[in-house]
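# Descriptive analysis of the structure
Here's the letter readout for the chains.
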Amino acid sequence: MVRFILHPIRMCNVKNVMAEATPQKHHPDWKNLTDTHHAVQDAETLRQESIIAHHDHLITEIETSDGPLGTTLRSVYEGGELDQFKERLNNHITSHDKEIERMCNYHYQGFIDSIRELLKVSTDAAQLKEEIQAVNNSLQDSCSPLMTKGEELVRCRRIQRNIAAAIENLNLCLPVLEMYGKLQDQMKTKRYYPALKTLEQLEHTYLPRVSDHWFSQTMAEAIPKLREKIKDASMSELKDFLENIRKHSAKIGEVAMRHAAEQNNMDPKIVNARKKPRKRRAPKPPNPFTGEIEEEEGDIRTEEEPTIPDDLEESGALSAQDLIDFSPVYRCLHIYTVLGDREKFETYYRKQRRKQARLSLQPPPNMNDYIDNYKRYFHDIVGFFVVEDHILSTTQGLVNRAYMDELWEMSVSKLAASLRTNASSCKDSSMMLDIKKLIVLFCHTLKGYGFSVGHLLELLLEMSAQNDSIHIARLHGTSMFKDARSDAEDHIYKQLNDKMDEFLELASYDWLIPEARGHASGYITDLVAFLQSIFMSFTNLPEKVAKTACMSACKYISSKLMEFLLDNEVKQITMGALQQFNLDLMQCEQFAASEPVPGNNDGTLLLAFTDLRQLLDLFLNWDWSVYLADYGQPKSKYLRVQPHAAISLLEKLNNADKKKNNLFQSLKKNERDKKKLLDTVLKQLRGLVNGTAPQVQG
């Protein structure tokens, strides 16, 4: 196939020749046979030429190919002309040998000349080598002193570099060593808070600079131990503080109660307790050799009671921080916070203070022997809570309001139980009066620190009611004490009103709130709880006295609430404030309907709040057409609403609306209609007051 591809023209000629040489059956001719013979010879010649050309092509491939020759050799064997190919290959080899011989003969003379030149260059190279050696020896002799100086210079440069490196390292190490020395001094002088700062700087700023030095690893390993040492030392200071505060708590409470007495116009002498006499030892005899009196270690007091100048103590200008150094708490808190153990510190502090609270709440033995026992008891408790209030306000989260409320509730419970037990066995009326004064002052003091004293006031009223009921029971035994009975009942009513005033004084309404808070005010809730407790303790009183006291209390509350609402000092009231006020009134109505005194379930107590209820319903329902139409009729829905009260409240609502509405709101149609209606109602109400009310339309 290769032969035909390489020589297509020749193969075509071969085909044509072979076609012409084919014998013709129809015209046999001897002359044509001769021509056919010549044609066969020409075809053979062409075939031989084709074979030669093909062999030349294969030989060319063999000579020029860089890859495998398997395909070429297979073509040789498959063609069947192996001998001819070998002959042709030998001819090529012979031709190449002749070409090589010719080329060698042509370049022979040049080769001989090159050899001669090379021998000459070798001689010149040997001479040049000798000259170079001579120059080198001369140069070595000349440079030997220079090399010596150079080596000395290199050695000096190395020393200089080492000195510079040493100075650089000293500049890095000296601040680290100075900081470490500073840290050791701070630890020795117990300045743990600055020591902690120094430790942080040493660890994060200075030690990384000298991490390649051996001493840095030693310091780094010592840092955790130093932290623990600082923690232990600060905790030791805290323990000393807790022990110290336990000793001085009564003095802090005494100062706080004296200050509260002055603020509430009470006699400060109520607070004063006689100081316990300090035991004194007889002086030791002097040393016979030196003539000096030696002190034993036991004579040196580690804890002194705080000495307070008389002028400061009497002025009430002292506070908890004036009497006690709170810095150990702050330091320890900060140290534990920085070291990641704040929660552990908070837990420990609260646990220890709870223990101290329980100790303070334990009444002294024979408490009724002296009034001073009661005073010290109250002083200690007040001092405890004054300290905790100071900690609450000066630290962030060490104690929180929930913790304070928990402690306070526990303390109130234990204090009430203790007072009930001890006061009930007190037979001295004068001492009982002093105890009540102390309770009142105790309540005033802690109320000033934000603690709820409602339960203690209940206890006080309970104690008073029990004493009064005993006196009344004695007075009822004979008719000669009827007037005394009346005085005792009046005393109960007055005292009950006084106690309710203490709750009502806590009322603080925001008359401009946009909407109610959704629950009754705190002071109302506390007042109702107090009244429920009081009337439960009135079981010893005659039923009529208890019912009268209950009705008197409801009327008193109703009158006070009405005063709040119509107070001339209040110039503006929103509907949201009225809704909040309504929630407080509902709380009072629920109390009145709960039968606080057995047998008083006929609804008469609710009548005490009728005036307020009708007034609030009128405004909350905005039922002016009914009010104005039925005014003066016996069956009027708002019979108890006085026009002057409605006018006062309506003007306050109007003032609040004026403040709330701006120019653009006043241009709205509904606002204009509302204002027009309000003005119309005000005009008609003033007409009712003046007796010139216009005819009410439908």
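Residues numbered from 1 in each chain as written. Predicted model: local features only at pLDDT ≥ 70, side-chain atom pairs only at ≥ 80, totals over all residues. Heavy atoms only, no water.

Within an unreviewed UniProt entry, the label attached to the chain reads Exocyst complex component, and the organism entered is Tegillarca granosa. Database annotation for the chain, UniProt heading Sequence similarities (unreviewed entry): "Belongs to the SEC15 family." If you open the UniProt record of the chain and go to Function (unreviewed entry), you find "Component of the exocyst complex involved in the docking of exocytic vesicles with fusion sites on the plasma membrane." (UniProt positions renumbered as here; feature names shortened; annotations may be inferred.)

Moving on: the overall build of the chain. When helices and strands are tallied, the chain shows 25 helices and zero strands. Considering the chain as a whole, with its 698 residues, one finds that 37% of them fall into the buried category. Sequence separation of 24 or more characterises 75% of the internal contacts of the chain that already satisfy a separation of 6 or more. Total accessible area computed for the chain in this model is approximately 43,300 Å², and 54% of it derives from carbon and sulfur atoms. (Helix = DSSP H or I, 4+ residues; strand = E, 2+ residues; numbered from the N terminus. Buried < 20%, exposed > 50% of the residue type's maximum accessible area, 1.4 Å probe, protein only. Contact = heavy atoms within 4.5 Å. Areas by Shrake-Rupley, 256 points an atom, 1.4 Å probe, with all protein chains shown as cover.)

Another aspect to go through is the side chain of E237. Mapped onto the secondary structure, E237 falls in helix α7 (residues 214–263). When its relative accessible area of 19% is taken as the criterion, E237 is described as buried. Setting aside residues up to four positions removed in sequence, E237 forms contacts with K190, Y192, P328 and R331.

All chains considered together, the criterion is met by 24 aromatic pairs. On the basis of an interplanar angle of 75 degrees and a centroid distance of 6.4 Å, the ring pair of F619 and W622 is categorised as edge-to-face. Through pairs of rings, three or more aromatic residues link up here, namely Y377, F378, F384, F385, W408, F442 and F451. A cation sits over an aromatic face here: R209 above Y206, 5.1 Å from the ring centre. Over the ring of Y403 we find R350, and its NZ or CZ is 5.3 Å from the ring centre. (Phe/Tyr/Trp six-rings, centres within 6.5 Å; stacked < 30°, edge-to-face > 60°. Lys NZ or Arg CZ within 6 Å of the ring centre and 35° of its normal.)

Here we take up a positive patch on the surface. A cluster of basic residues, K351, K355, R358 and K414, forms a positive patch at the surface. Top element by residues in the positive patch is helix α11 (residues 342–360). It accounts for three residues. Take K355: it is sitting in helix α11. Judged by relative accessible area, which is 42%, K355 ranks as partly exposed. (Patch = residues over 30% accessible without salt bridge, like charges linked within 9 Å, V, L, I, M, F, W, Y side chains within 5 Å. Salt bridge = Lys/Arg side-chain N within 4 Å of Asp/Glu carboxyl O. Lys, Arg positive; Asp, Glu negative; His and termini not counted. Charge placed at Lys NZ, Arg CZ, Asp CG, Glu CD.)

This paragraph deals with a nonpolar patch on the surface. On the surface, F111, I115 and L119 cluster together into a nonpolar patch covering about 310 Å² of accessible area. When you line up the elements, L119 lands in helix α5 (residues 82–188).

The subject of this paragraph is the state of the cysteines. The full count for this structure, using the stated rule, is zero disulfides. C554 supplies the cysteine sulfur nearest to C588, a cysteine that is in no disulfide, at a spacing of 8.0 Å. (Disulfide = S-S within 2.5 Å.)

The next thing to look at is the nonpolar core. With 131 residues, the main nonpolar core has F442, L496, L531, F535, L565 and L685 as its most contacted residues. Sort the elements by how many residues they give to this core and helix α18 (residues 543–566) lands first, with twelve residues. (Core = buried A, V, L, I, M, F, W, Y, C linked by side-chain atoms within 4.5 Å.)

On to the packing of helix α12 (residues 371–394) against helix α14 (residues 429–447). Direction vectors running N to C along α12 and α14 enclose 10 degrees, while the axes themselves pass 10 Å from each other. When the axis of α12 is compared with that of α14, the two are roughly parallel. Across the interface between the two elements, I371, Y374, K375, F378, I381, V382 and F385 from α12 touch M431, D434, I435, L438, I439, F442, T445 and L446 from α14. When its residues are assigned to classes, the contact of α12 with α14 shows twelve nonpolar, one polar and two charged. (Axes fitted to C-alpha atoms, helices over the stretch in contact; angles between N-to-C directions. Parallel < 35°, antiparallel > 145°, perpendicular 65-115°, else oblique. Nonpolar A, V, L, I, M, F, W, Y, C, P; charged D, E, K, R; others polar.)

Their axes nearest at 10 Å, the elements helix α17 (residues 522–536) and helix α19 (residues 575–593) cross at an angle of 10 degrees. In this view, α17 runs roughly parallel relative to α19, as classed from their interaxial angle. For the pair formed by α17 and α19, the contact residues are Y523, I524, V528, L531, Q532 and F535 on the first element and D584, Q587, C588 and F591 on the second. In the contact of α17 with α19, the residues fall into seven nonpolar, two polar and one charged.

This part covers unusual backbone geometry. Peptide bonds are, in most cases, trans, and in most cases residues other than glycine have a negative phi. Positive phi outside glycine occurs at K190, with the angle close to 60 degrees. Relative to the elements of secondary structure, K190 occurs in the loop between α5 and α6 (192–206). At E595, a position not held by glycine, the phi torsion is positive, near 55 degrees. Its location among the elements puts E595 in the loop between α19 and α20 (604–607).

On to the environment of E502, then. Within the secondary structure, E502 is located in helix α16 (residues 482–504). Placed 58 residues apart in sequence, E502 and H444 show a C-alpha to C-alpha distance of 9.9 Å. Setting aside anything within four residues of it in sequence, one finds E502 in contact with K447 and L457.

Relative to the 21 Å expected for 15 residues at 1.5 Å per residue, α17 spans 21 Å between its end C-alpha atoms, a close match to the ideal helical length. Buried residues of α17: Y523, I524, L527, V528, F530, L531, I534 and F535, and no others. Burial along α17 is one-sided: seen end-on, the buried residues are contained in an arc of 160 degrees. (Expected span 1.5 Å × (residues − 1). Arc of directions from axis to C-beta.)

Looking at the chain as a whole, the pLDDT averages 80, with 81% of positions reaching at least 70. Low pLDDT, under 50, characterises residues 278–316; the stretch is placed with 35 contacts to residues that sit more than four places away or in other chains. (pLDDT = per-residue confidence, 0-100.)

By the definition in use, this model includes 26 salt bridges. The closest approach of N and O atoms between K247 and E243, which form a salt bridge, is 3.8 Å. One end of the pair, K247, and the other, E243, are both in helix α7, four residues apart, so they sit about a helical turn from each other. For E243, a relative accessible area of 46% corresponds to the partly exposed category. Salt-bridge contacts for E589 lead to R613; the nearest nitrogen and oxygen are separated by 3.0 Å. Residue E589 is found in helix α19, and its partner R613 is found in helix α21 (residues 610–621); the two are separated by 24 residues along the sequence. Exposure remark for R613: the relative accessible area of 17% places this residue in the buried category. Residues joined in a network through salt bridges with shared partners are E200, E203 and R227.

A few words on the side chain of Q614. Along the chain, Q614 turns up in helix α21. Residues contacting Q614, with those up to four places away along its chain left out, are K637, Y638, L639, R640 and V641.

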